[in-house]
Amino acid sequence: MSEFPSPRAGVPAPESPDSSLLRTLMETSPDRIYFKDRESRIVRNNAAHARSLGAPSPEACTGRTDFDFFSREHAERAFDDEQRIIRTGEPIIAKVERTTRLDGRRGWASTTKLPWRDAAGAIIGTFGVTRDITEAHEAERRLNDERILLRTILDHLPSRLYVKDVNSRYVLNNRSHLELLGAPSQEAAVGRTTSDFFPGPRGEQALADDRRAFAGDSVINVEKSDFGPDGDVHWSLVTKVPLHDAHGEIVGLVGISHDITRRKVAEEEARRRGAEMEADLRMARQVQEAFLSRAYPVFPAAAEPAASRLRFAHRYLAASTLGGDFFDILRVSDTRCGVLVCDVMGHGVRAGLLTALIRGVAEEVGGRTGDPVAVVGEINRSLMPIVEQTGQPVFATVFFGLIDLEAGRLEFASAGHPPPFVRRASGEIARLAPADPEPAAGLMADFAYSRQSAAFRRGDVLLAYTDGVLEAAGADGRIFGEARIRDVLTATAGRSAAELNARLISAVQEFCGRDSFEDDVCVVAVEAAG
């Protein structure tokens, strides 16, 4: 193509087939087509090119250069390219370049430029086709940014992530998985299978899991164990799910595994410690039950149990393996008996240790003096150092009563304990409590507990209990309360101490609508038989 024929005035110029094809291409192509002379001036262009330059028509572009439409930097690059083509005859094919208009607007284009020759083959300029690829380029840039972001995230995940094709060959691995495989790079792992890195049962198991995923049966959070190179057991939490293409066909799998070795070791250690603690709790429970189940003392000491002037019965129901409620019966003399009922805060090992401490104090002080105030005061003093050193609240409600058979009296002191009752032989019921409530042991250092006294004669029954009875709640939230305890005492008049306890426990269970208790329950009944 050497020239564009011009029509003679008034006479339509005949159009050759080549010219017709060129005109049709120029008019209909969305790409920008242009012809330039040896000075890079536009000779002819199509409407798409004119629009891209902001010109009203192709004719308005004739004789102008890129310097009239683009930034100087862009125009110089285009001019240099075109002059090189004119000098060498070598084309530029699909060059991707940044475009900058004079008004600052930017875009991306794919440009092909070739030498324009006349009929004799001499280069008379250049012609080119430019396609606007701004949207495609931006989409590719965003996709590449997302790819880089995803790769960065994957490589910094502590979990081991990988993708396999339907032949179980690795397609993609993150850095953590490459380290597990011992592969120095992505290229060293791609195309290989698990068996290539872990021959034997480990690799065979992995391939079997792969086949499950390819069959559509995902492997979700399955714990796998294996021996590491150092001989230690290693644990992983493995997930494998099928990878589908756009048509829903399975083309591979995506796998992720978490190293859970530390967690498994910690769990095993927790199980071991739990088993040890459970064994310790069982032993402590056995010791506690041994104290509770030991034979009651008889009064006087030489009497047969059936002839004892005091008869005892108790019921103890722990809410946990090791409870905080307990009681003790202390011989002070043949005619004096100490009765201790205590409720330590909480349950478990701490409560068990505190009950042992309090029991020791009560037996040492109570067995020596039989003084209720001295016993309760010493228990309070023994708890205060624990409170001060640990900074944790430690307290216990305590009732200690001293029955004097010769005097027919019951002296007692109470540190915040639920008030016991005495059912007299006449049927009258007396509530044993100081006029003003006094604090539980362990709450106030050196508190001076008061001494209280009540008659206790032949035929009378002392009933002491812990708050597991008093505060047992029914389905409607109401508590059992003192009134119902009184009702049981009245209903069991003339019955033995053991029958009284059994009836009380049964009444509480019936009120709550269940056999178990939310708190420890301890009930002690003492009957003056002679």
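Procedures and definitions
- Residues numbered from 1 in each chain as written.
- Predicted model: local features only at pLDDT ≥ 70, side-chain atom pairs only at ≥ 80, totals over all residues.
- Heavy atoms only, no water.
- Helix = DSSP H or I, 4+ residues; strand = E, 2+ residues; numbered from the N terminus.
- Rg over C-alpha atoms; globule rule 2.2 N^0.38 Å.
- Buried < 20%, exposed > 50% of the residue type's maximum accessible area, 1.4 Å probe, protein only.
- Contact = heavy atoms within 4.5 Å.
- Areas by Shrake-Rupley, 256 points an atom, 1.4 Å probe, with all protein chains shown as cover.
- Lys, Arg positive; Asp, Glu negative; His and termini not counted.
- Charge placed at Lys NZ, Arg CZ, Asp CG, Glu CD.
- Pairing = 2+ DSSP bridges.
- Axes fitted to C-alpha atoms, helices over the stretch in contact; angles between N-to-C directions.
- Polar contact = N/O pair within 3.5 Å; in protein donor to acceptor, adjacent residues only side chain to side chain.
- Disulfide = S-S within 2.5 Å.
- Phe/Tyr/Trp six-rings, centres within 6.5 Å; stacked < 30°, edge-to-face > 60°.
- Lys NZ or Arg CZ within 6 Å of the ring centre and 35° of its normal.
- Salt bridge = Lys/Arg side-chain N within 4 Å of Asp/Glu carboxyl O.
- Expected span 1.5 Å × (residues − 1).
- Arc of directions from axis to C-beta.
- pLDDT = per-residue confidence, 0-100.

Focus: the overall build of the protein
Each helix and strand counted, the protein has 14 helices and 20 strands in total. Radius of gyration (C-alpha) of the protein: 49 Å, far over the 24 Å computed for a compact globule of 530 residues. Expressed as lengths along the three principal axes of its C-alpha atoms, the size of the protein is roughly 150 × 55 × 40 Å. In the protein, buried positions account for 43% of the 530 residues. Pairs at least 24 apart in sequence give 57% of the contacts found in the protein among residues at least 6 apart. Total accessible area computed for the protein in this model is approximately 27,800 Å², and 54% of it derives from carbon and sulfur atoms. Looking at the protein, you have 66 positive and 78 negative side-chain charges, and the mean spots of the two groups are 2 Å apart.

So, the sheet that holds strand E18 (residues 452–455)
Pairing is antiparallel across the open sheet formed by 5 strands, whose spatial order is E12-E13-E14-E15-E18. At either end of the open sheet lies a strand with only one pairing partner, and these are strand E12 (325–331) and E18. Taken over all neighbouring pairs, the strand axes of this sheet differ in orientation by 20 degrees on average, direction set aside. Sheet topology places E12 next to strand E13 (residues 336–344); 7 bridges connect them, and they run antiparallel. Within E13, the residue paired with Asp 325 across the bridge is Asp 343. Each of E13, strand E14 (396–404) and strand E15 (409–415) is contacted by helix H11 (residues 372–390), which is oriented at about 160 degrees to E14, the strand it contacts most.

As for the sheet that holds strand E2 (residues 42–45)
The antiparallel open sheet is built from 5 strands, whose spatial order is E2-E1-E5-E4-E3. Each end of this open sheet is capped by a strand with a single partner; those strands are E2 and strand E3 (92–100). Averaged over all adjacent pairs, the angle separating strand axes in this sheet is 30 degrees, with direction ignored. Sheet topology places E3 next to strand E4 (residues 106–117); 7 bridges connect them, and they run antiparallel. From the neighbouring strand, Thr 99 faces E4, where its bridge partner is Gly 107. Across the sheet, helix H3 (residues 72–88) is in contact with strand E1 (32–37), E3, E4 and strand E5 (123–132); its angle to E3 comes to roughly 160 degrees.

Points about the side chain of His 49
With respect to the helices and strands, His 49 occurs in helix H2 (residues 47–53). Overall, His 49 belongs to the buried group, its relative accessible area being 6%. At 3.0 Å, the side chain of His 49 forms a polar contact with the side chain of Asn 45. Excluding residues that lie within four positions of it along the chain, His 49 makes contacts with Arg 32, Ile 33, Tyr 34 and Ile 42.

Structural notes on the state of the cysteines
As enumerated under the stated definition, the model contains 0 disulfides in all. Cysteine Cys 342 shares no disulfide, and the gap to the nearest cysteine sulfur, in Cys 522, comes to 9.5 Å. Residue Cys 522 is classed as buried on the basis of its relative accessible area, which comes to 0%.

Observations concerning the packing of aromatic side chains
Evaluation of the coordinates by the stated rule reveals 11 aromatic pairs. Measuring from ring centre to ring centre gives 6.3 Å for Phe 299 and Phe 312, while their planes differ by 55 degrees; the resulting arrangement is tilted. One end of the pair, Phe 299, is in the loop between helix H9 (261–293) and strand E11 (310–317); the other, Phe 312, is in strand E11, and 13 residues separate them in sequence. Residues Phe 299 and Phe 312 agree in their burial class; the two are buried. With a centroid separation of 4.8 Å and 65 degrees between ring planes, the pair formed by Phe 447 and Tyr 449 is classed as edge-to-face. Given a relative accessible area of 25%, Phe 447 falls into the partly exposed group. Residue class for Tyr 449 comes out buried when judged on its relative accessible area of 6%. The ring of Trp 235 is capped by Lys 264, whose NZ or CZ atom sits 4.5 Å from the centre of that ring.

Things to note about the pattern of salt bridges
As a working rule, side chains carrying opposite charge can pair if their charged atoms are close by. The tally for this structure, following the rule as stated, stands at 36 salt bridges. In this structure, Asp 31 engages Arg 131 in a salt bridge whose closest nitrogen and oxygen atoms are separated by 2.7 Å. Of the two residues, Asp 31 sits in the loop between helix H1 (17–28) and E1 while Arg 131 sits in strand E5, which places them 100 residues apart along the sequence. On the basis of relative accessibility, which here comes to 49%, the residue Arg 131 falls in the partly exposed class.

Examining H11
Across its 19 residues, H11 extends 28 Å between first and last C-alpha, which sits within 8% of the 27 Å expected from 1.5 Å per residue. Pro 372, Val 375, Val 376, Gly 377, Ile 379, Asn 380, Ser 382, Leu 383, Met 384 and Val 387 are the residues of H11 that are buried. Looking at where H11 begins, the residue whose side-chain oxygen comes 3.1 Å from the main-chain nitrogen of Val 373 is Asp 371. Positive phi appears at Gly 391, one or two residues downstream of H11, with a value of about 75 degrees.

Here's the deal with helix H14 (residues 497–512)
Over its 16 residues, H14 extends 23 Å from the first C-alpha to the last, a length consistent with the 22 Å expected when each residue adds 1.5 Å. Within the sequence span of H14, burial applies to Ala 497, Leu 500, Asn 501, Leu 504, Ile 505, Ala 507, Val 508, Phe 511 and Cys 512. Buried positions in H14, seen along its axis, are confined to an arc of 160 degrees and lie on one side of it. Tucked inside the fold, the buried residues of H14 contact E11, strand E19 (461–465), helix H12 (467–470), helix H13 (481–491) and strand E20 (521–528). Where H14 ends, the next residue or the one after it, Gly 513, has phi of about 80 degrees, a positive value.

Here we look at the confidence of the model for the protein
For the protein, per-residue confidence averages 87 on the pLDDT scale, and 91% of positions sit at 70 or higher. Ranking the helices and strands of the protein by mean pLDDT puts strand E16 (residues 421–423) first, with 97, and H9 last, with 70. Ignoring residues within four places in sequence, the model shows residues 1–9, a span with pLDDT below 50, making 15 contacts including any to other chains.

Notes on unusual backbone geometry
Note the cis peptide between Phe 299 and Pro 300, where omega equals -5 degrees. Here Pro 300 lies in the loop between H9 and E11. Although it is not a glycine, Ser 168 adopts a positive phi angle of roughly 65 degrees.

A short note on the side chain of Thr 126
As for its position among the elements, Thr 126 is in strand E5. Since its relative accessible area comes to 2%, Thr 126 is described here as buried. Once residues lying within four places of it in the same chain are set aside, the contact partners of Thr 126 are Tyr 34, Phe 35, Lys 36, Glu 82, Ile 85, Ile 86, Leu 114, Pro 115 and Trp 116.

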